[in-house]
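Spelled out, the chains give:
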Amino acid sequence: MISLKIKLLGGIGLIFFSGLACLAYGLLGSRQISKSVSIVRSDSFPALNRANELTEMVRITNNAILLSLDGDDQFEQEVLDAQDRFSQIINQITQNRDAPDLQLIHDNFNHYVKEGIEFGKKSLAGEDNISLDNMNRLSGIKKEVTMAIEGYQDKKRSLFQDALDLILLEGSSFNRIFSLVSFIQLFMVIILIKVLLKVSRDTSNMNSAATQIASGDLKASIAITRKDEMGSLQKAIEHMRISLKDHIDNLDSKVKARTAELALAQKEITDILNSIEQGIFTFNLDLSINQEHSLRAKELLQRDDVPTANLMDILHLDKKKGKHFTQWVEVIQKPRFLSNWKKYSKLCPADHIVRKLDDQNQFIKVDFQPIIEKDALNKVMVLLTDITAEKEAEKKLETHRQNQIDHMDRVTAITKFEHTDLANFLTSLRDTISQCKTTLTVADLNLSVTQLFRELHTIKGNSGTFGFHNLENIIHSAETSLSQFIESNDDDTLSQWHDIMKRADEELQKISSLENLLFKNYQQKIIINADRFKLLLNKIKTGTFSDTQTIYKEILSLHSQTLGYYCKKYKNQIEQVLKSQDKEIQVIIENEDQLIPRDLMSKLDHAIVHIINNCVAHGIETSEERIDLQKGIGTITISCHHNDDWFLLKISDDGKGLNPEIIFNKAASKGLIKSENIEKLSVEDKLNLIFSPGFSTRDEVSKLSGRGIGLDAVKNCVEELGGKVTVASELSKGSSFTLEVPVDLSENMDFMDQA
């Protein structure tokens, strides 16, 4: 018995292949007919039309020659025009076709034209030798040309007829084959319709049986009437009816047993959920929360309505984070993100919850796990873990670690520099903190606010130079608090100011304790260079000196150090500052062996620190900017010179330079220029505006700049010593600051009185 599938496939296949064969033959016949039509269109019709035009040109030429007998002297031009037209027609026809035949016609016509013109000229001249023979000979040439053209026409007519016969033959053949294929297809369609009608009847019978089964009537059996696939389906439905009847007969007992199993499993799940330390619940992809959740979830979230609550409220997400969370849920549903769950789960904005509990923060860690069904995300499990204890331990550990770092910074700073420099710094620090602690009101502040800002800024700069980073941060906070207090004059800001001063005092005590411990047996001493001391003794012994004043100067120089020695501190300052800057800077020290008295450098130290900070923060460009400008590594150059009366210290950088117009506009916007002086300011005057109190080109305050204090402190420091500070600058080339102070050798011996 042939199966239903084979019958259907066989009939459809025969229809398909017969149609395909008809189509192939139709395409082949159509191609052949198109070829024949192309021959007719492109060759036969044009050739016949051109041949008629050639015959017309022969007639025109003959008429023109005959007119010469009547005395028409224009005959020659008409003949030549006909000849040109004849040649054009020949050229049009002979494009890759019939060249030999047409060339012969062309040559004969040219001969006819030549003889005709000669004949006509003689006729017009009235020559007596024009005879009947000449006329006959000219007529014979014309006849040959005409016959050649007619032969060419006959040839093209024959080709035209052959093409028409081929078109008719192909069309007739195609009609016969198409008729045969159409008959076969009609026959197969009838057979297929009969097969499908039979299948439809059997399908209808099975549908009725299936409807009975669906309605619960399992008594009537299903007749098996076929031996093909339909028969197999009838057997399967009958087997299903029997199995279903048996299953229903035993369903009640099975339902009771299964219900008991599910209840037991549900109790086990509930017991597990309520016994674990983590809070657990699940939510669907539409962000709705499911009923199942652990008892610990209620405790951690402090709410009993977990299944009905809003997920964003539970996770403590504001509008912005809620939008990100929704986008994250949409993203993780995609297969490529779901397969990398560990990676993309970290992008979730809800990784923790912080809430108040008994006047302290409770930290709850939030983790997410996917629940997958059929290789797709079905829902998400939320795991809540109380990590408050871990956070507290981390905080204590971090505090301990920071205390250790601060302690090491203090030890390193104290041991890295000479004790004299450190002692001077601590003395200045004590005085400043003492003054700040007694500042209680705005009235107190207004008496010395500018000076207080200068001292704080100087202390901050030196703190960074020495390496007291914690103290540097505290003083920076003090500057910020002082600015806020002056603007607001409220109790909260004043309280904050005194808290910061308390922290600063505590840090001072820690540094002082370490200083006392590390320099326990230290007494104030004069540190001199041993080699220079021996050299001085030798000079005195040999009577080199002629007067006491010279000896006085030599003794004074013993307490001096070289510029290179002092610059070790400033190199360290630059290294410390560069840790927070995207810059690379080298320091060049000129005449570094120049001796400078210690107390003189001590008095200028604050000014030098501020200028170097200014060069680093404002002068030198970032590494990326200098690469674009092809300037290489930034350079700060320090040099000095002094004689008996004056001491000059110069600090230069090769940075961006100062723009006097920008400085002028900034100073004007801050009200630092008197209106009557605006018209009188020179370029030098505009540059010197950077030393004005409160001037800064930075809109944002940082540890290095922005408060308008640094260069003001430089000017104040130098002027207190009776000197002056000047600045020179060139755009894109750099800037240089020159400190010039008077030197009185007797004043530089003050340390001798203190020793």
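About the thresholds
- Here, residues in each chain are numbered from 1, in the same order as that chain's written sequence.
- The model is predicted, so local features are restricted to residues of pLDDT at least 70 and side-chain atom pairs to those at 80 or more, both for listing and for counting; the totals for chains, interfaces and linings are taken over all residues.
- The basis for every side-chain value is the complete set of non-hydrogen atoms in the structure, without hydrogens or water.
- Strands are runs of DSSP state E lasting at least 2 residues, helices are runs of H or I lasting at least 4, and numbering of each runs from the N terminus.
- Partly exposed describes any residue whose relative accessible area lies between the buried limit of under 20% and the exposed limit of over 50%, with all areas from a 1.4 Å probe on protein chains only and scaled to the type maximum.
- Pairs of residues are marked as contacts when any of their non-hydrogen atoms sit within 4.5 Å.
- All accessible areas in this document rest on Shrake-Rupley with a 1.4 Å probe, and a residue is counted as covered only by the protein chains that are shown.
- Two strands qualify as a pair provided DSSP detects at least 2 bridges between them.
- Orientation is described by lines fitted to C-alpha atoms, with helices fitted over the stretch in contact, and by angles between N-to-C directions that extend from 0 to 180 degrees.
- Here a pair means two rings of Phe, Tyr or Trp (six-membered ring of Trp) with centres within 6.5 Å. Their orientation is stacked below 30 degrees between planes, edge-to-face above 60, and tilted elsewhere.
- An expected span of 1.5 Å times one less than the residue number is assigned to each helix.
- Throughout, bend refers to the angle between the axes fitted to the seven residues that end at a position and the seven residues that start at it.
- Patches draw on residues past 30% relative accessible area with no salt bridge. Two like charges within 9 Å are joined, as are two nonpolar side chains (Val, Leu, Ile, Met, Phe, Trp, Tyr) within 5 Å.
- By salt bridge we mean one thing: a side-chain nitrogen of Lys or Arg within 4 Å of a carboxyl oxygen of Asp or Glu.
- For the purpose of charge, His is not counted, nor are the chain termini; Lys and Arg are scored as positive and Asp and Glu as negative.
- Charged side chains are reduced to one point each, which is NZ for Lys, CZ for Arg, CG for Asp and CD for Glu.
- Put simply, buried Ala, Val, Leu, Ile, Met, Phe, Trp, Tyr and Cys residues joined by side-chain atoms within 4.5 Å make one nonpolar core.

Undergrad: Tell me about the overall build of the chain, and please be specific about residues and values.
TA: Across its full length, the chain carries 25 helices and 12 strands. Out of the 755 residues belonging to the chain, those deemed buried represent 37%. Of all intrachain contacts in the chain linking residues separated by at least 6 positions in sequence, the fraction that spans at least 24 positions is 68%. Carbon and sulfur atoms make up 53% of the accessible area of the chain, which amounts to about 44000 Å² in all.

Undergrad: Tell me about the sheet that holds strand β5 (residues 376-386), and please be specific about residues and values.
TA: Spatial strand order, β2-β1-β5-β4-β3: 5 strands in an open sheet with antiparallel pairing. The open sheet is flanked by β2 (289-293) and β3 (352-357), the only strands paired with a single partner. Here the strands of the sheet are splayed against their neighbours by 30° on average, with no regard to which way each runs. Taken together, the 10 bridges between strand β4 (residues 360-373) and β5 define a ladder with antiparallel strand orientation. Each residue of the ladder has a partner; that of P370, found in β5, is V380.

Undergrad: Can you explain unusual backbone geometry? Please cite residues and give values.
TA: A positive phi angle is found at H316, which is not glycine, with a value near 60°. Within the secondary structure layout, H316 lies in the loop between α8 (311-314) and α9 (319-332). Phi at D375 takes a positive value of approximately 60°, unusual for a residue other than glycine. For D375, the location among the structural elements is in the loop between β4 and β5.

Undergrad: Pulling in residues and values, what's your account of the packing of aromatic side chains?
TA: With the rule as written, the count across this model stands at 8 aromatic pairs. An angle of 40° between the planes, with centres 5.6 Å apart, marks the rings of F325 and W328 as tilted. Of this pair, F325 and W328 both sit in helix α9, 3 residues apart, which is roughly one turn of that helix. A relative accessible area of 0% places F325 in the buried class. With a centroid separation of 6.0 Å and 50° between ring planes, the pair formed by F325 and F368 is classed as tilted.

Undergrad: Provide a residue-level description of the pairing of β5, including the pertinent values.
TA: Across 6 bridges, strand β1 (residues 279-284) lies against β5 in antiparallel orientation. By the bridge assignment for β5, F283 is matched with V380. Here β4 folds back onto β5 in antiparallel fashion, the turn holding 2 residues, of which K374 has a positive phi close to 55°.

Undergrad: Now, about the sheet that holds strand β11 (residues 724-730): what can you tell me, with residues and values included?
TA: The strand order β7-β9-β10-β12-β11 describes an open sheet built from 5 strands, whose pairing is mixed. The outermost strands of the open sheet, each flanked by one partner alone, are β7 (585-589) and β11. Geometrically, the sheet is characterised by an average inter-axis angle of 15° between neighbouring strands, direction not taken into account. Across 8 bridges, strand β10 (residues 646-653) lies against strand β12 (residues 734-742) in antiparallel orientation. Looking at the pairing, L649 lines up with L739 of β12. Against the sheet, helix α19 (residues 563-578) touches β7, β9 (634-642) and β10, its axis set at about 170° to β7. Packed onto the sheet, helix α20 (residues 598-619) meets β7, β9, β10 and β12 and runs at close to 20° relative to β10.

Undergrad: I'd love a proper account of α19, names of residues and values included.
TA: Compared with the 22 Å implied by 1.5 Å per residue over 16 residues, the 22 Å span of α19 between its first and last C-alpha is a close match. The largest bend along α19 reaches roughly 25° and is located at K569. Of all 16 residues in α19, 12 are buried, a share of seventy percent or more.

Undergrad: Give me the lowdown on a negative patch on the surface, citing residues and values where you can.
TA: A grouping of D582, E624, E625 and D628 is seen on the molecular surface, where their side chains present a negatively charged patch. Take D582: it is sitting in the loop between α19 and β7.

Undergrad: Which residues make up the pattern of salt bridges, and what values go with them?
TA: In the structure shown here, the tally under the stated rule is 10 salt bridges. Taken together, the shared-partner salt bridges connect E621, R626, K631 and D654 into one network.

Undergrad: Describe the nonpolar core, and please don't skip the residues or the numbers.
TA: In this structure, I608, F647, I690 and L739 are the most contacted members of the largest nonpolar core, which totals 47 residues. Sort the elements by how many residues they give to this core and α20 lands first, with 10 residues. Excluding residues within four positions of it along the chain, I690 makes contact with L658, I663, F695, L711, V727 and F737. Among the nonpolar cores identified, the runner-up in size contains 29 residues, and L287, L301, L311 and I332 belong to it.

Undergrad: Describe the side chain of Q561, listing the residues and the values that go with them.
TA: Locating Q561 in the fold gives a position in strand β6 (residues 560-562). Filtering out sequence-adjacent residues up to four positions away, Q561 remains in contact with Y566, Q594, L595, I596 and R598.

Undergrad: Could you give an account of the environment of E479, with specific residues and numbers?
TA: Secondary-structure assignment places E479 in helix α15 (residues 469-488). On a C-alpha basis, the gap between E479 and H457 in space is 7.7 Å, while along the polypeptide they are 22 residues apart.

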